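Here are the chains, one letter per residue:
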Amino acid sequence: MNDTLTQIVREEVDLEGVKKRPLKEHPIAVFDSGVGGISVLREMVKEMPWEDFLFYGDSKNAPYGTKTRDEVREITFRHVEEFRREGVKAVAIACNTATSAAVRALRIEYPDLPIVGIEPAVKPACTENPGKRVLVMATPMTIREEKFHKLMDRYRDMAEIIPLPCAGLMEFVEKGKAGSKEVREFLKQLLWEYMEHPVDAVVLGCTHYPFVQKDIQAVLGSQVKIYDGAKGTARELHRRIKAAGLERENKNRIGHVVFQNSAPTKTKMALCEKLLVQE
Ligand code: DGL
C-alpha cells in the first residue's frame, strides 16, 4: 500500500473556505460515471501529491457506456458546470466514454478552464507491439464513437487492432466485485475467443477495467501485456496545470482527496477509499 495515498484519504477539506483562497490553491475536479476514475485519480495523486482533488463519481447514472452520446454529453456538461460553481481550478474527465462524448465541446464552452480527458492507450500498445494482435476493451459507446475510429485509423497499419465492447463489465467494479468468481465467469464468456486465439496486448479502454486487470490477466494469461491511459493522463494534467500557471507553490505539503458520489451509500464511499489505496 502506498503511504502517501493512505494519509491523503483520511483528510477532510473545507470546500467553501477554499473559494476565498487564490485559484492556485483550489482543488482539481476528477470526474467519472462511477468509481472507475479512481484508477486515474490515484496516478494523479502520485504525480502531484501536493494538490487537492475532488473526485466525483456519478454512480447513480452509471453506466454511461450503454447510453447515447447526447445523454452522456448532457450529463457531463451538468457536472462540469457544478464543478465551476464549486471553484475548481481544472477538470479531468477520468472516463473514456464521457471524454469521447463531450471533451471537445467542453473545451469550446470553457476556454479558460484546463480540461483533460482520457482515451484508450492504443498508441503505446501498437507502437510497442508492431505486427501483433491488440485487443481494445471499452464501453459500447467509446467503441462506436468517431474519436475512437480516428484513433484506430492512425495505428491500424502498425498492429492488428481488435475492438471489443464490454457492456456489463463495469458493474462488477461498481459493486465491489473485482476478483470474484462471478467476474471471472463473466470474463471467460466475454473473452473465450481470445483464450483460443490469443492476443499479444490488451488496452483497458474504460477506467473501471484496471480494477479487474488481475481477472483479465488470469483469463488471458500472464504473457499478455496490459495497457491503460491513467499515467499518461496524469502527466498531461500536470503539464496543463503548469502551463496555465496554476500549479501550487508549496510542493512539500500533502494534498487532500474529497470523494463525492451521486449515490453516496456507506458501501459506495468505503469502496472509493479502498480503490484509491489499492495497488
Ligand atoms: N469508466 C467509464 C469509461 O472510462 C465508463 C463506464 C460506464 O459508465 O459505462 O469509459
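Got a minute to help me understand the sheet that holds strand β2 (residues 53–57) in this structure?
Two strands in a sheet stick together by hydrogen bonds in their backbones, pointing the same way (parallel) or opposite ways (antiparallel). What the five strands build is an open sheet, ordered β4-β3-β1-β2-β9; its pairing is parallel. Each having just a single partner strand, β4 (115–116) and β9 (257–261) make up the two edges of the open sheet. Alignment of β2 against β9, held across five bridges, turns out to be parallel. Counted as the bridge partner of F53 is V257 from β9.

Whenever I open this one, the sheet that holds strand β6 (residues 160–165) confuses me. Can you help?
With parallel pairing, the four strands of this open sheet are ordered in space as β6-β5-β7-β8. Bordering the open sheet on either side are β6 and β8 (225–228), each of which pairs with just one other strand. Pairwise comparison of adjacent strand axes, ignoring direction, gives a mean angle of 25 degrees for this sheet. Across four bridges, the pairing between strand β7 (residues 201–204) and β8 is parallel.

What is the right way to read the pairing of strand β3 (residues 90–93) from this model?
The side chains of a regular strand alternate between both faces of the sheet. Here β3 shows two buried faces, one formed by A90 and A92 and the other by V91 and I93. Pairing between strand β1 (residues 28–32) and β3: four bridges, direction parallel. Counterpart to F31 in the pairing with β3 is I93.

Which parts of the structure should I look at to understand the site of the ligand?
Every one of the 13 residues lining the ligand counts as a neighbour, but S33, Y64, T97, T207 and H208 are closest to it. In the environment of the ligand, a nitrogen atom lies 3.0 Å from a nitrogen or oxygen atom belonging to the side chain of D32. Contact between the ligand and T97: an oxygen atom at 2.6 Å from a side-chain N or O atom of the residue. About the coverage of the ligand: the protein hides 99% of its 300 Å² of free accessible area. Across the shell around the ligand, the residue classes tally to five nonpolar, seven polar and one charged.

Rules of the game
Residues numbered from 1 in each chain as written. Predicted model: local features only at pLDDT ≥ 70, side-chain atom pairs only at ≥ 80, totals over all residues. Heavy atoms only, no water. Pairing = 2+ DSSP bridges. Helix = DSSP H or I, 4+ residues; strand = E, 2+ residues; numbered from the N terminus. Axes fitted to C-alpha atoms, helices over the stretch in contact; angles between N-to-C directions. Buried < 20%, exposed > 50% of the residue type's maximum accessible area, 1.4 Å probe, protein only. Near = heavy atom within 4 Å. Polar contact = N/O pair within 3.5 Å; in protein donor to acceptor, adjacent residues only side chain to side chain. Areas by Shrake-Rupley, 256 points an atom, 1.4 Å probe, with all protein chains shown as cover. Nonpolar A, V, L, I, M, F, W, Y, C, P; charged D, E, K, R; others polar.

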